[in-house]
Number of protein chains: 2
Amino acid sequence: MLTVKTPEEVLRLVPEAFSTRTDLTETVPLNEAAGRLLSEDVCAAEYVPDFDRSTVDGYAVRASDTFGCSDAIPAILPLAGEVRMGEGADAALKPGTCVAVPTGGALPRGADSVIMLEYTEDYGDGTIGIFKPGAPGMHVIFRGDDVHPGKVILQKGRTLLPQDVGALAAVGCTAVPVARTLRVGVISTGDELVPPDVTPGPGQVRDVNAPMLTALLRNFGADCAEYGIVRDDAALLRETMERAARECDAVLVSGGSSVGVKDAVCGIIESMGEVLLHGIAIKPGKPTILGRAGNKPLVGLPGHPVAAYFVARLFVLPLLGHLMGRDMREYTVAARLSESVNANHGRAQITPCRLRHTAEGLLAEPIRSKSGLITQLAGADGFFIIPRDCEGLPAGAAIQVTLQ
Amino acid sequence: MLTVKTPEEVLRLVPEAFSTRTDLTETVPLNEAAGRLLSEDVCAAEYVPDFDRSTVDGYAVRASDTFGCSDAIPAILPLAGEVRMGEGADAALKPGTCVAVPTGGALPRGADSVIMLEYTEDYGDGTIGIFKPGAPGMHVIFRGDDVHPGKVILQKGRTLLPQDVGALAAVGCTAVPVARTLRVGVISTGDELVPPDVTPGPGQVRDVNAPMLTALLRNFGADCAEYGIVRDDAALLRETMERAARECDAVLVSGGSSVGVKDAVCGIIESMGEVLLHGIAIKPGKPTILGRAGNKPLVGLPGHPVAAYFVARLFVLPLLGHLMGRDMREYTVAARLSESVNANHGRAQITPCRLRHTAEGLLAEPIRSKSGLITQLAGADGFFIIPRDCEGLPAGAAIQVTLQ
């Protein structure tokens, strides 16, 4: 008996059936933080910068000392000194004087503006001519403009991008709290499967799912434990799934395309915990089983590589993201369909496509092929989904493509 | 003297000034191929599958033996055997008989169609009732349907995605020809800089650019050699840049924000080879120097982290991609602007933004801040560019956002 759920129902079920784990935090050095999931808000403990700072090469002044000056009537201010990069400005700026300051240099106390070099002239007699008045705050980054103590720099749940690493560096966060990577056990089943480095004999094919799923999971930031190819033998499969569940945070079994093994996977999951759904109303991808042992997901993926790929991409990754507390926002790109696509399955239909930049914008070329052919996915740039209640889309239709 | 170029001119200059390297090929095992750049077309040497294969559980037949059958008048065919998963179908299918075959199993010679189990009945007397006629090719993947010898599976220049790894597995390509990773030397200059793990003294700030650029480059698939922070000393900087150029495929120097060092970087690049441009008409990012020593790029990036980030993101990555022969297509997402943004600089203006899903689509919230503040980038989801000839955009304007 299949308890088939729609894709939306599956995604709603995930946060109901699984809880975000609170035991996953670890600390990594800054140079390993990119791509990791921030597990705590990062707050600044200091001011950045910790001093008033010039954004140009020029002369630090009190703006009021330059009011009214012009090319014709420059303000003439005695040069009271020079600030050097990487040093503090020791003395306060005396009213009616100026101090040379480089880009990034510290402003002396009392200065509130910097006049760019271009609008000044060094008369060589110890005075500087200023041809353009400064305004308070002009060309100055004030202490704490970027960061002040207590400011939240980055929020937990964010996957750290390179520029986030820059912000962490700026505030001196060199031990970064991140979510520990989830360990996912990957099992392939099927008497017909041989490893990719073996030449298939009669009736045999190479195992595509284990290398593909492993690459997908690692790309997502998970660790993979590979349990190899298990024969269509319920006892052996049970033993392997139980071992994987002990050793991992989640278990994916793909294959079991023969009737007996399909039933076996379902029965094993049931005995290990609970089956949450049996079947998702998408094409490809229907014969999917989702279960749990405690808070550990146990997933039976279809044997067809394309179906296995999309179920993993659309449901397993969000599930792992939920376990980790990850912000899983996804974006799509707008494209026009190059040709019509039929759909009339009572199931949401996923179609891989190639994308081509044209003068009229992005063109999506659907990749047609028989079900289950991996080359339908190879070379695809993305995919689009036709909802279950839609009978198809005409050529030229505006679609939203999820990038792969 | 700045020779300022527009962003478009810079991107046109890259393929003119640098040639794609042909010496970069290496071979990696399949499980390390994801994310790498394919350096040769991959052609299949075999048929996949290498046998006619059923896509359902059912009975392999000659379709013509079932023509005209129905629920009322089933075709009754003697069961001539059973194909087991992972084994060849030894005997040919005799006309007027059928053979049980599982999903993924091999079809016996002579069979051209599979009748799904649902439309059959096993009468228990050695015969099978068929209630729905088959059509030739129905529920069959024929030998080579997925792949035939000589078919190009993946084209060189592609960055391998998880599903591409699946396709490589399918054809037994377990030693994958990829472009060797480029080694990029990263140097920070500035008397004001201290490493991120040091608390800045008066007039000092932490070095943001080295960790940020290193993360960006590694995320792109490059190796980084870090040469640390070099004081504002032309001789020391020259020595470090020359060493980096010997040891790396490209060199990035960021900083040199004081006038003397700016000039020093330019002079050093000139003496090592040639300065190609000095200044890009973007904001932030103008004070950029691009040069070369032979075919090795030498880049002087701005000291401001936000400017350094965008110059690296928009120009250095495409340059490295060109050296590697990488397909560098980029996609943008459509969004509406949440508030007006001014721009009137005679330079293309880059504005980081946050993205929010709303009922009316994606909303882009520009992140405003003073120039050069790294927290403008922290937490950003993407950025958009206002062309140099545009004075700004009103709230609600349709924009294209590049994701970060």
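Residues numbered from 1 in each chain as written. Chains lettered and ligands numbered in written order. Predicted model: local features only at pLDDT ≥ 70, side-chain atom pairs only at ≥ 80, totals over all residues. Heavy atoms only, no water.

Caption draft 1: Structural context of the overall build of chain A. Each helix and strand in chain A was counted, giving 6 helices and 28 strands. A compact globule built from 404 residues would reach a C-alpha radius of gyration of about 22 Å, whereas chain A, at 31 Å, exceeds it by more than 25%. Seen through its C-alpha atoms, chain A measures out along the principal axes to roughly 95 × 50 × 40 Å. The buried share of chain A, taken over its 404 residues, is 55%. Contacts spanning at least 24 positions in sequence make up 72% of the contacts within chain A whose residues lie at least 6 apart. Of the roughly 16,400 Å² of accessible surface on chain A, 50% is carried by carbon and sulfur atoms. (Helix = DSSP H or I, 4+ residues; strand = E, 2+ residues; numbered from the N terminus. Rg over C-alpha atoms; globule rule 2.2 N^0.38 Å. Buried < 20%, exposed > 50% of the residue type's maximum accessible area, 1.4 Å probe, protein only. Contact = heavy atoms within 4.5 Å. Areas by Shrake-Rupley, 256 points an atom, 1.4 Å probe, with all protein chains shown as cover.)

Caption draft 2: Structural view of the relation of the copies chain A and chain B. Taken as rigid bodies, chain A and chain B are interconverted by a rotation of 180 degrees and an axial shift of 0.0 Å, the fit giving an RMSD of 0.0 Å. Expressed as an axis order, the relation between the two copies is that of a two-fold axis. No C-alpha of chain A lies nearer the rotation axis than that of Val333 of chain A, which sits 2.5 Å from it. The overlap is high: 100% of the interface residues of chain A also sit at the interface in chain B, so the same surface is used on both sides. (Least-squares fit on C-alpha atoms with pLDDT ≥ 70 in both.)

Caption draft 3: Seen up close, the sheet that holds strand 17 (residues 250-255) of chain B. All names here are of chain B. Here 6 strands make up an open sheet; going across it, the order is 16-13-17-21-20-18 and the pairing mixed. Each of the sheet's edge strands pairs with one partner strand only, and the pair in question is strand 16 (223-230) and strand 18 (274-278). Taking the axes of each pair of neighbouring strands and ignoring which way they run, one obtains an average angle of 15 degrees across the sheet. Where strand 20 (residues 289-293) lies against strand 21 (residues 296-301), 5 bridges are found, and the strand directions are antiparallel. The residue of strand 21 that forms the bridge with Leu290 is Val299. Running over the sheet, helix 1 (residues 7-17) touches strand 18 and strand 20 and is turned about 165 degrees from strand 18. (Pairing = 2+ DSSP bridges. Axes fitted to C-alpha atoms, helices over the stretch in contact; angles between N-to-C directions.)

Caption draft 4: Structural view of helix 2 (residues 162-170) of chain A. Counting buried positions along helix 2 of chain A gives 9 out of 9 residues, so the element sits mostly inside the fold. Check the buried side of helix 2 of chain A and you find it contacts strand 2 (42-43), strand 11 (152-154) and strand 12 (175-179) of chain A together with strand 15 (205-206), helix 3 (209-220) and helix 6 (305-324) of chain B. Positioned one or two residues after helix 2 of chain A, Gly172 of chain A has a phi angle of 75 degrees, which is positive.

Caption draft 5: Looking closely at the interface of chain A and chain B. In this complex, chain A contributes 84 residues to the contact, which on the side of chain B involves 85 residues. Summed over both partners, the interface of chain A with chain B buries about 6,400 Å², with 61% contributed by carbon and sulfur atoms. The interface formed by chain A and chain B holds 8 salt bridges in total. Notably, a salt bridge pairs Asp381 of chain A with Arg329 of chain B, separated by 3.2 Å at the nearest N-O pair. (Buried area = accessible area lost by both parts, 1.4 Å probe. Salt bridge = Lys/Arg side-chain N within 4 Å of Asp/Glu carboxyl O.)

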